[in-house]
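Listed below are the residues making up each chain.
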Amino acid sequence: MKQPCPECELRAIQSSITKESLEREVSAMKYVQGITAPENQYKNRLDICEKCSALVSQIMCSECGAYVLFRAKNKKSSCPRAKWAAQGC
Ligand code: SF4
């Protein structure tokens, strides 16, 4: 039996990830004090990312390789270009 190519499998998974699918995942996350960023902070961070030259395909930061929606939702995350900071660290 032919083994699936890991690189092709990864590409298939990545191509199914869209901004909308990530938004659904993030909106399903519960607010946890000390872990998740409050909504206004999350939105402010994403506004900055949307204007940044490092943003790729509306979802990924080419500077750090993270999906910005998840990075912005983590209260203790920070921008690798120091455009927005961690909170509570
Ligand atoms: S995390 Fe920072 S460097 Fe990455 S896309 Fe957002 S603003 Fe740009």
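These numbers were taken from a predicted model, which means no experiment stands behind them.

Caption draft 1: How the structure looks around the layout of surface pockets. Considered as a void within the structure, the largest pocket measures approximately 220 Å³ in volume. Glu23, Tyr42, Lys43, Leu46 and Leu69 are the residues nearest the centre of the largest pocket, which is lined by 16 residues in total. For the lining of the largest pocket, the secondary-structure elements that each account for two or more residues are helix 2 (19-27), helix 3 (39-50) and helix 4 (68-73). In terms of residue count, the dominant contributor to the lining of the largest pocket is helix 3 (seven residues). Across the lining of the largest pocket, the residue classes break down as seven nonpolar, two polar and seven charged.

Caption draft 2: Here's a closer look at the site of the ligand. As a structural note, the neighbourhood of the ligand is formed by Cys49, Cys52, Ala54, Cys61, Cys79, Pro80, Arg81, Lys83 and Trp84. Among the cavities detected, the one that contains the ligand is the largest cavity.

Caption draft 3: Broad picture of the packing of aromatic side chains. As enumerated under the stated definition, the model contains zero aromatic pairs in all. Its guanidinium or amino end placed over the ring of Tyr42, Lys73 lies 4.7 Å from that ring's centre, counting from NZ or CZ.

Caption draft 4: Examining the pattern of salt bridges more closely. Under the defined criterion, the tally for this structure stands at five salt bridges. Across the pair Arg11 and Glu7 runs a salt bridge, and its minimum N-O distance is 2.5 Å. You can see Arg11 and its partner Glu7 sitting in helix 1 (residues 6-15), four residues apart, about one turn around the helix. We note a salt bridge from Glu39 to Lys43, for which the minimum N-O separation is 3.5 Å. Taken together, the residues span about one helical turn, with Glu39 and Lys43 both in helix 3 at a distance of four residues. Taking relative accessible area as the criterion, Glu39 reaches 41% and is therefore assigned partly exposed. Within the structure, one salt-bridge network assembled from shared partners comprises Glu39, Lys43 and Lys73.

Rules used in this analysis
- Residues numbered from 1 in each chain as written.
- Predicted model: local features only at pLDDT ≥ 70, side-chain atom pairs only at ≥ 80, totals over all residues.
- Heavy atoms only, no water.
- 1 Å grid on protein atoms, 1.4 Å probe; cavity = no way out; pocket = protein on both sides within 12 Å on 5 of 7 lines; lining within 4 Å.
- Points joined across faces, edges and corners; volume = space filled by probe spheres on them.
- Helix = DSSP H or I, 4+ residues; strand = E, 2+ residues; numbered from the N terminus.
- Nonpolar A, V, L, I, M, F, W, Y, C, P; charged D, E, K, R; others polar.
- Near = heavy atom within 4 Å.
- Sits in = over half its atoms within 2 Å of the grid points.
- Phe/Tyr/Trp six-rings, centres within 6.5 Å; stacked < 30°, edge-to-face > 60°.
- Lys NZ or Arg CZ within 6 Å of the ring centre and 35° of its normal.
- Salt bridge = Lys/Arg side-chain N within 4 Å of Asp/Glu carboxyl O.
- Buried < 20%, exposed > 50% of the residue type's maximum accessible area, 1.4 Å probe, protein only.

By themselves, these figures tell us nothing about what the structure is for.
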